[in-house]
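Understanding the architecture of this molecule
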Number of protein chains: 4
Amino acid sequence: MLYPVIQRLATLSTPLILVNFKTYIEGAGRKALELAESAEKANRETGVCIGLAPQFTDIARLAQTVSLPIFAQHIDPMGPGSFTGHILPEAVKDAGAVGTLINHSERRLKLADIEAAVTRAKGLGLVSVVCTNNASVSASAAALKPDFIAIEPPELIGTGIPVSKAKPEIVTDTVTLVRKVNPDVTILCGAGITRGDDVASALKLGTRGVLVASGIVKAKEPYKALLDFAKAAAV
Amino acid sequence: MLYPVIQRLATLSTPLILVNFKTYIEGAGRKALELAESAEKANRETGVCIGLAPQFTDIARLAQTVSLPIFAQHIDPMGPGSFTGHILPEAVKDAGAVGTLINHSERRLKLADIEAAVTRAKGLGLVSVVCTNNASVSASAAALKPDFIAIEPPELIGTGIPVSKAKPEIVTDTVTLVRKVNPDVTILCGAGITRGDDVASALKLGTRGVLVASGIVKAKEPYKALLDFAKAAAV
Amino acid sequence: MLYPVIQRLATLSTPLILVNFKTYIEGAGRKALELAESAEKANRETGVCIGLAPQFTDIARLAQTVSLPIFAQHIDPMGPGSFTGHILPEAVKDAGAVGTLINHSERRLKLADIEAAVTRAKGLGLVSVVCTNNASVSASAAALKPDFIAIEPPELIGTGIPVSKAKPEIVTDTVTLVRKVNPDVTILCGAGITRGDDVASALKLGTRGVLVASGIVKAKEPYKALLDFAKAAAV
Amino acid sequence: MLYPVIQRLATLSTPLILVNFKTYIEGAGRKALELAESAEKANRETGVCIGLAPQFTDIARLAQTVSLPIFAQHIDPMGPGSFTGHILPEAVKDAGAVGTLINHSERRLKLADIEAAVTRAKGLGLVSVVCTNNASVSASAAALKPDFIAIEPPELIGTGIPVSKAKPEIVTDTVTLVRKVNPDVTILCGAGITRGDDVASALKLGTRGVLVASGIVKAKEPYKALLDFAKAAAV
């Protein structure tokens, strides 16, 4: 760790509720901190693991404040060097992240770069969560040996229509195909998840958790929403 | 400001020495902090303005520690919303940046995105420094009304051969063409700058400072290098 | 010319109706040929110059069949070499194109690449038409000295609402700003143009023609639409 | 077929020598035609299948002239529509291509776009050849069910050092991993191949042919080089 600070202990476990703060203003700066504190409280009450993926500029602050696993939203696949404006994997680790999203549908990467990013994450001990858009792409991503795959049909993102209900076959097909290629990958699902009920459905379909954004970050009462999610996952 | 911290007062003035930390390991985390403290010392001794462009994850920490203007290395041109993994201008401002590089040769943008990024920066009160690769592109960038243009011939970046000596006509042509299109833009130059002497040359060619990276960040004694630069600029 | 074929004589003049075939199925293969023949007929009847920008695979065939100026929809800024899957400027010229669109809103380029593409086009004697999205970007593009600028507000493309009526100030601002930066650039406008009347409005605002796509290519009777456009331009 | 021409019958078989013309000037326009005729002659003498991947503007001409399978160097994953400057799969098929490279190291695609491009190719009856850079990426690509995978370590492309000799384990690892994920994919290898001997090595390692560029296109005597390759493959 390059940072001269004591970071809180963060344990990653499943079922996992992974909250993507995107570039929502409701999840930036001081609001990011408040959201993180709500998540920590929900975690303490339920024991369910809640991961947080804030903006890059907020990683250090959150990692120093709450005892939850912090994720970057993206890393670039390069090492230290002349890459102005890029996201160095070492930098997000030093700031306190324990893992990273890779290839989110809003930040898709070239195949060779996903492979390189997963390899770099592994080399640094960062947990990799590769996002995918359908079952076939999930199988493809699984061959790269990430820790997690998060299947999110882009057409459902932000709709409030949960993938686990609207297109359960995308989730079950993903589970089937990914297991064939690589049984060691843990599967999450996302898109349209807004209620604890959706989390329960996701787990029943064979996933080990959810990737959620607006359903928590833009909720009227984020703490209540988090508690609802965590309780559903705890069952 | 979303951050519940008192940030140091940072005044931006010219001549300006703007230090790009890139994704160098020598300018990340704790090292970024040490470098910033050296820069602050050199600034106090000479009165010459030294701007710092660290990685995104280090912006908040540096802004809270030193009284120098902090820059982001890049912003994305969008507003708050569903842009996972992108750099929200509001976020770098909230973290304490007073400005941002845009279109660095290692992070080139589409023309329409440069225009949108400059406009977004202006709307937020962030100082915009658009990087360019030749005189014609500099004139083009000047029409977008950024605060600064930093001309850096990419073939000289990291070579130790200063643009102000190897290709002074690129700098003087830039000064001439930019002034015709937009006399309000302040011009910096970069690439290959390693000594105070190079800074003096840059100012003589009509620029108001330099954009420098390895010449400072990878210097054996960054403080001495910074002092050498600042003294040359102070004359 | 590398092609062992006699190409028809194609003269470029203004007012210009430049038809972008996009990747419409109605403007591909045999349909592209039929459209080109309709355009040639409308040109013969009115004397108004009609340029055609078909898909890359159709350039040679159209250039060998009709006496109208053929444009590529895009070129990459590189020279001959190891650039698999890219559009070599020499190749579109050899196929018979006399010019090329650059930076269409559906194929936006980085600023440095626009500059390089314009320079490459100039070196090969290809007419360059740089597409822009607003007045500020138009001024920026004008500094790169292309032959033409085609201003097209992306939000109006394909709507049938003509820019010359919905946002005439974007066109007049473009004319004003571009002339200041570079009076030698010829200005076209596009987006939402479906009738001869829209062409007349465009010319009255100070442009020298239009860039049109669905208004012609997807018209029920393309020949009639072309004739309507050309007559309006001829007045 | 939209084109009103009689295309020559082209049968695709393995072992396959697939020649990538890149944007070499030695493989453009009239030169492309000469090269294609040399390839046809070598094919007639040996019976070995030689595929040709010229620039987009040359596809139609080559498809109408020689009885060899023609490939595009790239397709974009979209259907007909508003995609100015892109490569419509339908267009390359209409021009006479029987297949396409996808994700060449000089034209890398996002993972989701590779999947979509393979699916689009399949829907149109185009043979898909997905290029990859290492064994892990090859396994990932295999899950997308393309017809071919062409493994080419980018660091060897254009060096004249054949992958089959310099890094045979990349080829054998690819064969092993790809077969596990998808035994139906045919494997080619490429990079640095300049002699018939290199082709023989490639086949011995378990591939069914080679992807070659400068080794043929920039050869002093392309016909001799093609014959040398084809004879080695015929054994």
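Numbering of residues starts from 1 in every chain and runs along the sequence as written. Labels are handed out in written order, letters beginning with A for the chains and numbers beginning with 1 for the ligands. Owing to the predicted nature of the model, reporting of local features is limited to residues with pLDDT of at least 70; listing and counting of side-chain atom pairs is limited to 80 or more, with chain, interface and lining totals taken over all residues. Neither water nor hydrogens contribute to the side-chain values; these are computed over all heavy atoms in the structure.

**Overview of the overall build of chain A**
To keep things clear, this is the line we draw: Here a helix means four or more residues in a row that DSSP labels H or I, a strand means two or more in a row labelled E, and each is numbered from the N terminus. It is over C-alpha atoms that the radius of gyration is taken, and the globule rule equals 2.2 Å times the number of residues to the power 0.38. The buried label goes to any residue with under 20% of its type's maximum accessible area, the exposed label to any with over 50%, and the partly exposed label to all in between, with areas taken from a 1.4 Å probe on protein chains only. Methods summary: accessible areas were calculated by the Shrake-Rupley approach with a probe of 1.4 Å, and residue burial reflects only the protein chains presented. When charges are counted, neither His nor the chain ends are considered; positive counts come from Lys and Arg and negative counts from Asp and Glu. Where a charge sits is defined by one atom per residue type, namely NZ (Lys), CZ (Arg), CG (Asp) or CD (Glu).
Scanning chain A from terminus to terminus reveals 10 helices and eight strands. A compact globule built from 235 residues would reach a C-alpha radius of gyration of about 18 Å, and chain A, at 16 Å, matches this within 12%. With respect to the three principal axes, the spread of C-alpha positions in chain A is 45 × 40 × 25 Å. Buried positions account for 65% of the 235 residues belonging to chain A. Accessible surface, chain A: about 8,000 Å² in total, of which carbon and sulfur atoms supply 51%. Between the averaged position of the 25 positive side-chain charges in chain A and that of its 22 negative side-chain charges there is a distance of 2 Å.

**Considerations on the packing of aromatic side chains**
Quick reminder of the rule: Only Phe, Tyr and Trp rings take part, Trp by its six-membered ring, and two of them pair if their centres are within 6.5 Å. Stacked means planes under 30 degrees apart, edge-to-face means over 60, and tilted covers everything else. Geometrically, a lysine NZ or arginine CZ counts as sitting over a ring once it is within 6 Å of the ring centre and also within 35 degrees of the ring normal.
One pass over the structure, following the stated rule, counts zero aromatic pairs over all chains. The ring of B:Tyr223 has B:Lys41 lying over it, and the distance from NZ or CZ to the ring centre is 4.3 Å.

**Some details on the confidence of the model for chain A**
All names here are of chain A. The condition is simple: Known as pLDDT, the predictor's per-residue confidence is scaled from 0 to 100. Here a residue-residue contact requires only that any non-hydrogen atoms of the pair lie within 4.5 Å.
Confidence in the prediction for chain A averages 93 pLDDT; 96% of positions are at 70 or higher. With pLDDT under 50 throughout, residues 1-5 is counted as low confidence; its partners more than four residues away or in other chains account for 18 contacts. In the predicted complex, the global pTM is 0.94; the interface-specific ipTM is 0.94.

**Focus on the interface of chain A and chain B**
Quick note on the threshold: The term buried area means the drop in 1.4 Å probe accessible area that two parts suffer when joined, counted for both and summed. Salt bridges, as used here, are contacts in which a Lys or Arg side-chain nitrogen is within 4 Å of a carboxyl oxygen on Asp or Glu. Between N or O atoms, a polar contact is any pair within 3.5 Å; within protein, one atom must be a potential hydrogen donor and the other a potential acceptor, and residues adjacent in sequence are included only when both atoms are from side chains. Three categories are distinguished: nonpolar for Ala, Val, Leu, Ile, Met, Phe, Trp, Tyr, Cys and Pro, charged for Asp, Glu, Lys and Arg, and polar for the others, with Gly belonging to the last.
Taken together, the 39 residues of chain A in the interface contact 39 residues of chain B. Buried surface at the junction of chain A and chain B, summed over both partners, amounts to about 3,500 Å²; 58% is from carbon and sulfur atoms. Where chain A touches chain B, the interface holds zero salt bridges. The interface formed by chain A and chain B includes 16 residue pairs in polar contact (both at pLDDT 80 or more). If you list the elements that add at least two residues to the side of chain A that touches chain B, you get helix 2 (59-65) and helix 3 (89-94) of chain A. The residue makeup of the side of chain A that touches chain B, split by class, is 18 nonpolar, 14 polar and seven charged.

**Observations regarding the relation of the copies chain A and chain D**
Our working rule: Least-squares superposition aligns the copies on the C-alpha atoms of those residues with pLDDT at or above 70 in both.
For the pair chain A and chain D, the best superposition has an RMSD of 0.0 Å and corresponds to a rotation of 180° with a translation of 0.0 Å parallel to the axis. Seen this way, the second copy is the image of the first under a two-fold rotation axis. Minimal C-alpha distance to the rotation axis in chain A is attained by A:Lys110, lying at 1.8 Å. Comparing interface residues between copies, 95% of those in chain A also lie at the interface in chain D; the contact surface is shared.

**A word on the arrangement of the chains**
These two, chain A and chain C, are apart from each other, with no contact and a minimum C-alpha gap of 16 Å. One finds no contact between chain B and chain D; the C-alpha atoms of the two approach each other to within 16 Å at their closest.

**Some remarks on the interface of chain A and chain D**
Counting residues at the interface gives 19 residues for chain A and 18 residues for chain D. At the boundary of chain A with chain D, total buried surface from both sides reaches about 1,500 Å², with 65% on carbon and sulfur atoms. Contact with chain D buries area across many residues of chain A, yet A:Arg108, A:Lys110 and A:Leu111 alone supply 33% of it, more than any other trio. Summed over the shared surface of chain A and chain D, the number is zero salt bridges. On the surface where chain A and chain D come into contact, there are five residue pairs in polar contact (both at pLDDT 80 or more). Elements that contribute at least two residues to the side of chain A that touches chain D include exactly helix 4 (111-124) and helix 5 (135-142) of chain A. Among the residues forming the side of chain A that touches chain D, the class breakdown is 10 nonpolar, five polar and four charged.

**Observations concerning the environment of C:Ala135**
Residue and element names in this part refer to chain C. Considering the arrangement of structural elements, one finds alanine 135 in helix 5 (residues 135-142). Expressed as a C-alpha distance, the spacing of alanine 135 and threonine 172, which sit 37 residues apart in the sequence, is 8.5 Å. Not counting residues within four places of it along the chain, the set of residues in contact with alanine 135 comprises Ile151, Ile170, Asp173, Thr174 and Leu177.

**So, unusual backbone geometry**
Here B:Thr14 and B:Pro15 are connected by a cis peptide whose omega angle stands at 0°. Even without being glycine, D:Lys22 reaches a positive phi, approximately 45°. Take D:Lys22: it is sitting in the loop between strand 1 (16-20) and helix 1 (30-46).

**Examining the relation of the copies chain A and chain B**
The operation relating chain A to chain B is a screw motion whose rotation component is 180°, with 0.0 Å of axial translation and a residual RMSD of 0.0 Å. Mapped onto chain B, 100% of the interface residues of chain A are again interface residues, and the two copies thus contact each other with one and the same surface.

**Digging into the sheet that holds strand 5 (residues 127-132) of chain C**
All names here are of chain C. The criterion, for reference: Two strands are counted as paired when DSSP detects at least two bridges linking them. Only the stretch in contact is used when a helix axis is fitted, and all axes are lines through C-alpha atoms; the angle between N-to-C directions ranges over 0 to 180 degrees.
Taken in spatial order, the eight strands line up as 2-1-8-7-6-5-4-3 in an open sheet, and their pairing is parallel. Taken across any chain shown, the strands that pair with only one partner, and hence form the sheet edges, are strand 2 (49-53) and strand 3 (71-72). Judged from the four bridges that link them, strand 5 and strand 6 (residues 148-151) form a sheet pairing that is parallel. Across the sheet, the residue bridging to threonine 132 is isoleucine 151, located in strand 6. Here helix 5 sits on the sheet in contact with strand 5 and strand 6, set at roughly 170° to strand 6.

**Points about helix 1 (residues 30-46) of chain C**
Residues and elements named next belong to chain C. Applicable threshold: Multiplying 1.5 Å by the helix residue count minus one yields the expected span of that helix.
Between its first and last C-alpha atoms helix 1 spans 25 Å; for 17 residues at 1.5 Å apiece the expected length is 24 Å, and the two agree. Three or more residues of helix 1 are buried, namely Ala32, Leu33, Leu35, Ala36, Ser38, Ala39, Glu40, Ala42 and Asn43. Buried-residue contacts for helix 1 involve strand 2, helix 2 (59-65), helix 9 (214-217) and helix 10 (222-234). Immediately beyond the C-terminal end of helix 1, within one or two residues, lies glycine 47, with a positive phi of roughly 80°.

**Structural notes on helix 5 of chain A**
Most of helix 5 of chain A sits inside the fold, with seven of its eight residues counted as buried. All of the buried residues in helix 5 of chain A are A:Ala135, A:Val137, A:Ser138, A:Ala139, A:Ser140, A:Ala141 and A:Ala142. The inward-facing, buried residues of helix 5 of chain A abut strand 5 (127-132), strand 6 (148-151) and helix 7 (168-181) of chain A together with helix 4 (111-124) and helix 5 (135-142) of chain D. Where helix 5 of chain A begins, the side chain of A:Asn134 points an oxygen toward the backbone nitrogen of A:Ser136, at a separation of 3.1 Å.

**So, the side chain of D:Thr132**
All names here are of chain D. For threonine 132, the position within the fold is in strand 5 (residues 127-132). Within polar-contact distance, the side chain of threonine 132 engages the side chain of serine 138 at 2.8 Å. The residues touching threonine 132, leaving out its near neighbours within four places in the chain, are Val137, Ser138, Ala141, Ile149, Ala150, Ile151 and Glu152.

**Details of the nonpolar core**
What counts here: Among buried residues, the Ala, Val, Leu, Ile, Met, Phe, Trp, Tyr and Cys ones that are joined through side-chain atoms within 4.5 Å form a nonpolar core.
A:Leu52, B:Leu52, C:Leu52 and D:Leu52 are the most contacted members of the largest nonpolar core, which totals 280 residues. Those residues in contact with A:Leu52 that sit more than four places away from it in its chain are A:Leu18, A:Val19, A:Phe21, A:Ala36, A:Ala39, A:Leu62, A:Val66, A:Leu68, A:Pro69, A:Ile70 and A:Phe71.

**Overview of the pattern of salt bridges**
The full count for this structure, using the stated rule, is 35 salt bridges over all chains. In this structure, A:Lys218 engages A:Glu26 in a salt bridge whose closest nitrogen and oxygen atoms are separated by 4.0 Å. A residue pair is termed long-range when its members are at least 10 positions apart, and A:Lys218 in the loop between helix 9 (214-217) and helix 10 (222-234) and A:Glu26 in the loop between strand 1 (16-20) and helix 1 (30-46) qualify at 192 residues. The class for A:Lys218 is partly exposed, based on a relative accessible area of 44%. Note on A:Glu26: relative accessible area 32%, which makes it partly exposed. Residue B:Arg120 is joined to B:Glu90 by a salt bridge in which the shortest nitrogen-to-oxygen separation is 2.6 Å. Pair noted here: B:Arg120 is in helix 4 (residues 111-124) and B:Glu90 is in helix 3 (residues 89-94), with a separation of 30 residues, a long-range link. Accessibility classification places B:Arg120 together with B:Glu90 in one group, the buried group. Taken together, the salt bridges that share partners define one network made up of A:Lys165, A:Arg195, A:Asp197 and A:Asp198.

**Re the packing of helix 4 of chain B against helix 5 of chain C**
Heads up, the rule is: Just so you know how the angles are binned, under 35 degrees is roughly parallel, over 145 roughly antiparallel, 65 to 115 roughly perpendicular, and the rest oblique. The crossing is said to be left-handed when, going from far helix to near helix, the turn is anticlockwise and less than a right angle, and right-handed when the turn is clockwise.
Contact pair helix 4 of chain B / helix 5 of chain C: the axes reach a minimum separation of 10 Å and the direction vectors enclose 125°. When the axis of helix 4 of chain B is compared with that of helix 5 of chain C, the two are oblique. As for how helix 4 of chain B packs across helix 5 of chain C, the hand of that crossing is right-handed. Judged by residue contacts, B:Leu111, B:Ala112 and B:Glu115 of helix 4 of chain B engage C:Ser136, C:Val137, C:Ser140 and C:Ala141 from helix 5 of chain C. In terms of residue class, the contact of helix 4 of chain B with helix 5 of chain C is built from four nonpolar, two polar and one charged.

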